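In case you want the letters, here they are:
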Amino acid sequence: MAKYKVFLNEYIDEEAIELLEKHADITNNLEKISEVDAIILRTFPVSRKLIENAPKLKVIGKHGVGYDSIDIEAAKEHGVKVVYTPEANIQSVSELIIALMTNAARRISLSFEKGKNNQLTSIGPKNLIGYQLNKKILGLVGAGKIGLNTARIAKNGFNMKIIAFDPLISREQCEELGIEKIDNLNDLLKLSDFVSISVPLNKGTKHLINKDNLSYMKSNAILINTSRGGVVDETALYDALKENKIFAAASDVFVNEPPTGVNPLLHLENFIGTPHIGANTKEAAKLVGLTIVQEVLLVLENKEPKYRVI
């Protein structure tokens, strides 16, 4: 029986590769795109042109949650299924959110930088005073699986009160989870000590956090973004941080990735930036890799996948 042909030009877990190689030949040569049955990607853009140049293509597998780098309409028009891994990285991303909250609140990275650069003259300096997470209010912008798992950790580990803005979750669901549903984003921003963003990037969420609604946040508030860079207006966030309108912010995602010194946010003392490492753990990489290979193979074998976008 002939093997399938799969285009893959990015790293995925070794066990996932081994599983894939049992059923498919892997190519990273774009010149052979017309021969492939499937594409597996992490950040590689799958454009309309690429889909049109792949007449045998049956399925696109997104290694991760966000699929904004795939032309979904083109895939739909050409009868190409799109699968992804919405559950495999939940714990890893949630733990990063908590880590960024703690880092920003306690100025951990800034303390390290000042010590490294011989800028400390005492222990426990006044200019590095931070905040506890204990009994603070965590506002979730997006109460999906990652948001709710983060809420569980914050509630059980730090006695935090959880409020959420998400039109897709009911008040009854929130009450069952011990979360207060907030119907207006600005109201959530007013109330929260920490704001964590976990929403997809689309036309409705681009610059969801912007100059206007950043002004509603408390002066001691901390903003965490692990969703997509475009959800937050980076220029507006820079201005708010530079003018100390909010205490701090941390982001694992940027409009242009990975972040470099060209991005002015990285030059602020009250900002922390990481290069999209939310799912970058051994455990998540293995689970995400195996899951996406299994999903792609299910489609190629004319079986119904578990995690289908279209």
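Residues numbered from 1 in each chain as written. Predicted model: local features only at pLDDT ≥ 70, side-chain atom pairs only at ≥ 80, totals over all residues. Heavy atoms only, no water.

A. Layout of the sheet that holds strand β8 (residues 180–181). Ordered in space as β8-β7-β6-β9-β10-β11-β12, the seven strands form an open sheet in which the pairing is parallel. On the outer flanks of this sheet lie β8 and β12 (271–273), each paired with one strand and no other. Note that strand β6 (residues 137–141) and strand β7 (residues 161–165) share five bridges and pair parallel. Bridging from a neighbouring strand, Gly139 pairs with Ile163 of β7. Across the sheet, helix α4 (residues 90–106) lies against β6, β9 (194–197), β10 (222–225), β11 (248–251) and β12, angled at about 150° from β10, the strand it touches most. Relative to the sheet, helix α10 (residues 234–242) contacts β10, β11 and β12, its axis offset from that of β11 by approximately 145°. (Pairing = 2+ DSSP bridges. Helix = DSSP H or I, 4+ residues; strand = E, 2+ residues; numbered from the N terminus. Contact = heavy atoms within 4.5 Å. Axes fitted to C-alpha atoms, helices over the stretch in contact; angles between N-to-C directions.)

B. Focus on the environment of Asn89. Relative to the helices and strands, Asn89 is located in the loop between β5 (81–83) and α4. By relative accessible area, Asn89 is classed as buried at 6%. Note: C-alpha distance between Asn89 and Thr281 (192 residues apart in sequence) is 8.8 Å. Those residues in contact with Asn89 that sit more than four places away from it in its chain are Val65, Ile146, Ala279, Ala284 and Val288. (Buried < 20%, exposed > 50% of the residue type's maximum accessible area, 1.4 Å probe, protein only.)

C. Representation of the packing of aromatic side chains within the structure. Within the structure shown, the criterion is met by four aromatic pairs. On the basis of an interplanar angle of 90° and a centroid distance of 5.5 Å, the ring pair of Tyr67 and Tyr84 is categorised as edge-to-face. Highlighted residues: Tyr67 in the loop between β4 (59–62) and α3 (72–77) and Tyr84 in the loop between β5 and α4, separated in sequence by 17 residues. For Tyr67, a relative accessible area of 32% corresponds to the partly exposed category. Residue class for Tyr84 comes out buried when judged on its relative accessible area of 18%. Where Phe254 meets Phe271, the ring centres are 6.1 Å apart and the plane angle is 75°; that geometry is what we call edge-to-face. Within this pair, whereas Phe254 is found in the loop between β11 and β12, its partner Phe271 is found in strand β12, the two being separated by 17 residues in sequence. Overall, the relative accessible area of 4% leaves Phe254 in the buried class. Residue classification places Phe271 among the buried residues on the basis of a relative accessible area of 8%. (Phe/Tyr/Trp six-rings, centres within 6.5 Å; stacked < 30°, edge-to-face > 60°.)

D. Focus on the environment of Ser34. Relative to the helices and strands, Ser34 is located in the loop between β2 (24–27) and β3 (38–41). When the C-alpha positions of Ser34 and Phe254 are compared, they lie 32 Å apart, and in sequence the two are 220 residues distant. Residue contacts for Ser34: discarding those within four places in its chain leaves Asn53, Ala54, Pro55 and Lys56.

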